[in-house]
Amino acid sequence: MKTDRIVNLSRRRFLTESVAAAAGLTLGVLPIAGAGMRESGPGLAGSVPAEAGDFQPNAFLRIGRDNSITVISKHLEMGQGTYTGMATLVAEELDADWEQVRVEGAPADAARYRNLFWGEAQGTGGSTAIANSWTQMRKAGAAARQMLVEAAAERWQVKPAEIDVKAGVVSHAASGKKARFGELADAAAEQPVPQDVLLKDQDEFRLIGKRMPRKDSPEKIDGSAKFTIDVRLPNMVTAVVAHPPRFGAKVRSFDAAGAKAMPGVKHVVQIPAGVAVVAGDYWSAKRGRDALQVEWDESNAFSMSSKQILEQYRALAKGPGTVGRNQGDTAGALAKAAKVMEAEYSVPYLAHAPMEPMDCVVRIDASGCEIWNGEQMNTGDQHAVAGVLGIKPEQVRINMLYAGGSFGRRANPKADYVLEAVHIAKALKSGVPVKMIWSREDDMRAGFYRPLYLHRLRAGLNDDNQPTAWQQRIVGQSIMAGTAFESMMIKEGVDQTSVEGAANLPYTLDNIQIDLHSPRLQVPVQWWRSVGSTHTAFAVECFVDELAEAAGKDPVAFRRSYLKGHPRHLGVLNLAVEKAGWSEPMGPGRGRGVAVHESFNSYVAQVAEVTVRRGVIYVERVVIAVDCGIPINPDVIEAQMQGGMGYGLAATLASELTFKDGRVEQSNFHDYLSLRIDQMPEVEVYIVPSTEPPTGVGEPATPVIAPAVANAVYAATGQRLRQLPLRVV
Amino acid sequence: MIQLNVNGTTRSLDIDPEMPLLWVLREYIGLTGTKFGCGIAQCGSCTVHIDGEPVRSCSTPVSAVIGKHVTTIEGLNSPTGKAVQAAWRDLEVVQCGYCQSGQIMSAVALLAHKERPTDAEIDAAMQGNLCRCATYVRIRAAIKAASKQPV
Ligand code: FES
Ligand code: FES
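None of these values were measured; they are calculated from a predicted model.

Rules and cut-offs
Residues numbered from 1 in each chain as written. Chains lettered and ligands numbered in written order. Predicted model: local features only at pLDDT ≥ 70, side-chain atom pairs only at ≥ 80, totals over all residues. Heavy atoms only, no water. Helix = DSSP H or I, 4+ residues; strand = E, 2+ residues; numbered from the N terminus. Expected span 1.5 Å × (residues − 1). Buried < 20%, exposed > 50% of the residue type's maximum accessible area, 1.4 Å probe, protein only. Contact = heavy atoms within 4.5 Å. Buried area = accessible area lost by both parts, 1.4 Å probe. Salt bridge = Lys/Arg side-chain N within 4 Å of Asp/Glu carboxyl O. Polar contact = N/O pair within 3.5 Å; in protein donor to acceptor, adjacent residues only side chain to side chain. Nonpolar A, V, L, I, M, F, W, Y, C, P; charged D, E, K, R; others polar. Core = buried A, V, L, I, M, F, W, Y, C linked by side-chain atoms within 4.5 Å. Pairing = 2+ DSSP bridges. Axes fitted to C-alpha atoms, helices over the stretch in contact; angles between N-to-C directions. Parallel < 35°, antiparallel > 145°, perpendicular 65-115°, else oblique. Left-handed = near helix turned anticlockwise from the far one by under 90°. Domains from an automatic or database assignment. Arc of directions from axis to C-beta.

**Some details on helix H16 (residues 533–550) of chain A**
Residue and element names in this part refer to chain A.
Here comes step 1: For H16, spanning 18 residues, the distance from its first C-alpha to its last is 25 Å, which sits close to the expected 26 Å at 1.5 Å a residue.
Here comes step 2: The buried count for H16 comes to 16 of 18 residues, which makes it a mostly enclosed element.
Here comes step 3: Residue Gly552 follows H16 closely and has a positive phi angle near 70°.

**Thoughts on the interface of chain A and chain B**
Size of an interface: often given as the accessible area lost when the parts come together.
Here comes step 1: Between chain A and chain B, the contact holds 62 residues from the first and 49 residues from the second.
Here comes step 2: Carbon and sulfur atoms make up 56% of the area that chain A and chain B hide from each other, which totals about 4,600 Å².
Here comes step 3: Counting the contacts that link chain A with chain B gives 6 salt bridges.
Here comes step 4: With its nearest N and O atoms 2.9 Å apart, the salt bridge here joins Asp230 of chain A to Arg26 of chain B.
Here comes step 5: Between the two partners, chain A and chain B, sit 29 residue pairs in polar contact (both at pLDDT 80 or more).
Here comes step 6: For the side of chain A that touches chain B, the secondary-structure elements that each account for two or more residues are helix H6 (217–221), helix H8 (282–291), helix H13 (440–445) and helix H19 (634–653) of chain A.
Here comes step 7: At 9 residues, the largest contribution of residues to the side of chain A that touches chain B is made by H19 of chain A.
Here comes step 8: Considering only residue class, the side of chain A that touches chain B consists of 29 nonpolar, 17 polar and 16 charged.

**Details of the side chain of Asp230 of chain A**
Here comes step 1: Position of Asp230 of chain A relative to the elements: it lies in the loop between H6 and strand S9 (237–242).
Here comes step 2: There is a polar contact of 3.0 Å between the side chain of Asp230 of chain A and the side chain of Lys35 of chain B.
Here comes step 3: Apart from residues lying up to four places away in sequence, Asp230 of chain A is in contact with Ala225 and Lys435 of chain A together with Arg26, Thr32 and Lys35 of chain B.

**Quick word on the environment of Arg26 of chain B**
Here comes step 1: Examined against the element boundaries, Arg26 of chain B turns out to sit in helix H1 (residues 21–29).
Here comes step 2: As for Arg26 of chain B and Phe36 of chain B, which are separated by 10 residues in sequence, their C-alpha atoms are 9.3 Å apart.
Here comes step 3: Sequence-distant contacts of Arg26 of chain B, that is, excluding residues within four places in its chain, are made with Ile229, Asp230 and Arg232 of chain A together with Leu31, Thr32, Thr34 and Lys35 of chain B.
Here comes step 4: Among the polar contacts made by the side chain of Arg26 of chain B, one reaches the main-chain carbonyl oxygen of Thr32 of chain B at a distance of 3.0 Å.

**Description of the nonpolar core**
Here comes step 1: Tyr349, Trp470, Ile617 and Val709 of chain A together with Trp88 of chain B are the most contacted members of the largest nonpolar core, which totals 254 residues.
Here comes step 2: Among the elements that take part in this core, helix H4 (residues 129–156) of chain A stands out by supplying 14 residues, more than any other.
Here comes step 3: Contacts of Ile617 of chain A, omitting those with residues within four sequence positions, involve Val610, Thr611, Val612, Leu653, Val709, Val713, Leu721, Leu726 and Val728 of chain A.
Here comes step 4: The next biggest cluster of nonpolar side chains, apart from the first, holds 31 residues, and it includes Val385, Ile398, Ile424 and Met436 of chain A.

**A look at the pairing of strand S1 (residues 2–6) of chain B**
Residues and elements named next belong to chain B.
Here comes step 1: Most of S1 sits out of view: 4 of its 5 residues are buried.
Here comes step 2: As paired elements, S1 and strand S2 (residues 9–13) share 5 bridges and run antiparallel to each other. Among the inter-strand pairings, Asn5 is bridged to a residue of S2, identified as Thr10.
Here comes step 3: Hairpin connection between S1 and S2: a loop of 2 residues separates the two successive antiparallel strands, and Asn7 in this loop has a positive phi of roughly 50°.

**Some details on the packing of helix H2 (residues 79–90) of chain B against helix H3 (residues 100–113) of chain B**
Residue and element names in this part refer to chain B.
Here comes step 1: Following both chains from N to C, one finds H2 and H3 inclined at 130°, their axes separated by 9 Å at the closest point. Relative to H3, the element H2 is oriented oblique. The hand of the H2/H3 crossing is right-handed. For the pair formed by H2 and H3, the contact residues are Thr80, Gly81, Val84, Gln85 and Trp88 on the first element and Gln100, Gln103, Ile104, Ala107, Val108 and Leu111 on the second.

**Brief notes about the domain arrangement of chain A**
Residues and elements named next belong to chain A.
Here comes step 1: You can read the domains of chain A as domain 1 (6–216), domain 2 (233–299 + 353–445) and domain 3 (317–350 + 449–717).
Here comes step 2: The partner domain 3 presents 27 residues to the 29 residues of domain 1 that form the contact.
Here comes step 3: With both chains or domains summed, domain 1 and domain 3 bury close to 2,200 Å², and 60% of this area falls on carbon and sulfur atoms.
Here comes step 4: Applying the counting criterion to the domain 1 and domain 3 interface returns 2 salt bridges.
Here comes step 5: Residue Asp635 pairs with Arg211 through a salt bridge whose shortest N-O separation is 2.8 Å.

**Description of the sheet that holds strand S3 (residues 47–50) of chain B**
All names here are of chain B.
Here comes step 1: Across the sheet, which stays open at both edges, the 5 strands sit in the order S2-S1-S5-S3-S4 with mixed pairing between neighbours. Edge positions in the sheet fall to S2 and strand S4 (53–56), since each of these pairs with one other strand and no more. Within the sheet, the average angular offset between the axes of one strand and its neighbour, ignoring direction, is 40°.
Here comes step 2: Set on the sheet, H3 makes contact with S3, S4 and strand S5 (69–71); between it and S3 the angle comes to about 40°.

**Some details on helix H4 (residues 119–126) of chain B**
Residues and elements named next belong to chain B.
Here comes step 1: Considered for burial, the residues of H4 that qualify are Ile122, Asp123 and Met126. The arc that holds every buried residue of H4, seen down its axis, measures 100°, which confines them to one face. In this structure, H4 carries Ala120 and Ala124 as exposed residues pointing more than 90 degrees from its buried face.
Here comes step 2: The inward-facing, buried residues of H4 contact H3 and helix H5 (136–146).

Given below as structure tokens:
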């Protein structure tokens, strides 16, 4: 797979253009098109034309004369530890001094910074950051190291093979000569770029596999980290948008007089998404919006209620859908079964609700457009903005800032909130920078949710109560339909993200059928941390528990017997149950539940311990085992397991977005419930040692907790809860 | 003109007395470490200290803090503050970081009242601070570490 070409950028540009401290060595690795490509997570193949043969450098590393090492991250830091991960990969092969390494967000430029798993597009998602950068970043570091060594060898007149590099110091033992990277940077930049670099073996790693401190911690602890909402530019104005009360409603007319009468309000402009009120500060803009009169045309607006949607889906689930997996003869096996078990599982719409509400800063000038954003869909947004402004994508310059969470939301396939900000800036015509801030209410009500899904499961059992057939019918909106990913992600009518986690059911059964209905509703939907697995893991892992019970087997023993041939599932399952003390007895009202699930090529098992008292579920302890290939940073992995599980636990116990007559019923954190500290269980995380290439950790812990807790509640109470959020009756 | 004492410096600002302190801090004084998360005192991202007490600045009109001492994350330099920040760093609490200024301000206020809080006291005091990244396990541990209790 590795046919990368490494390019020295220093001589092309940086030596002449940069200030002294920043000058030195800058290296990039040019991946040959197609190398390492595969389908995983959102892809942009359809939206960005590939220009075969036209490759510009991917600059990932800058070594300054002052010894500073800047790693340029092509991926967004939204909490998942990407900046630290990218820096670790580069610094490992560079043998850099970790203290000297800092990280900078890359500009939007797919030619240099594309996600190798996303065709020709740059972006962060699908837990791909480490997985796609694993070889690329290490090569960038290794090539730079080799050039530093060559430069030292030349200067000291010794053989390169006699030179050692450790923690940012290049040394030659025999002569006692030593130099820090900065002293060699200019000379290194003159060295020929190695076309083939030798990467370390796993047992030679000094940083990979260690708990290296996060690079973004200090500035997030002292308040100096810059998020989109913190951007301040000369003459900047702040905008808020009045969104329609229901999806599909349009502005019929509006009266700006009241808004304009509010102190500080400067402009009221109509944009496709609604009406924007622009002021000198957020509070004035928001007060202006409160005073704005908008008459909405709701004739084509969404008008359903969540209950109705569920009823409609239930009716749909009676008839066959489009087949996503067909193995054996499921219908025949069900017809012949001694007994058929049936169950319905459902999950509600969910908002992502990252702590930082959607926001974006835009400035339009003669040369194009500049954007400041917690940028997750760099190339897609660049193209969308260019389309609105009638300029070239490369004229859209995007500054990728920290994102205050995202959980998928900032990677919007329609660039929704980014375009709102662009439309406002465009309408103002003055070229002043505009910061658009959504209130929390906008963030809850202006759309793009994890879809509501209903699953209907049927299993055929033989005379020994062992399963012979598995039929799973899934009903819910397609996330990919109508987006640029449609052609890539919808295969023969089946949105792969609707069935992932079910279509790849790991349990060894002769007859398996998964089919899908994708009704079209006006509710805008989007991937939500772990995408399809958010609902498939719940339905599958709970129904497996039901089958175990029917077979008269312990849930763990039952899973083991049907997971033969899936060593990585078994590995995490066995580790989690061992650490949890699976067979130790629990008191009355208490129970233990297990679930195991693979997503994004990472494997996670969780054992949850709960107490149910007076109708309330207390999740007290969660034991997590994860296999994510070679662990890059065990501390970050542990944090993502804790946090990813906690994010899923919110949806297990509390979060729910509902519609009443087409209106979203929730508006803020008082009614869209999230997990609070008193609901957070004790968490233990165990990492399976591995020599496999690393895979993602941002998402895979999220989907596993709902079935683990639901199964634990059953163990505690005898109640099978098949709807999220879980409610004990 | 409104006179405000923020992080030990007195400033005169020509602003509406009803404007929430949060936006005054962020947009008129340029102290952006204090964050906006909900605007209705439900998330704690905007927590600052007023005369040492934790307050949700999104729901506090600036007029209410005239003559009082406002401390933001940028001005946190008490020994307890430093200990909390050090524990936050040692235990790698942060993920996206957006809620963390508020978490730290609440934690420091808790420790000012209770030198060695129990788990239940930590949960009660920190319950108003949401973290969508769910860094709660480490928040608990860091508060214990900062108060020199076994983690
Ligand atoms: S912004 Fe003040 S409590 Fe949420
Ligand atoms: S660290 Fe992201 S919300 Fe708390």
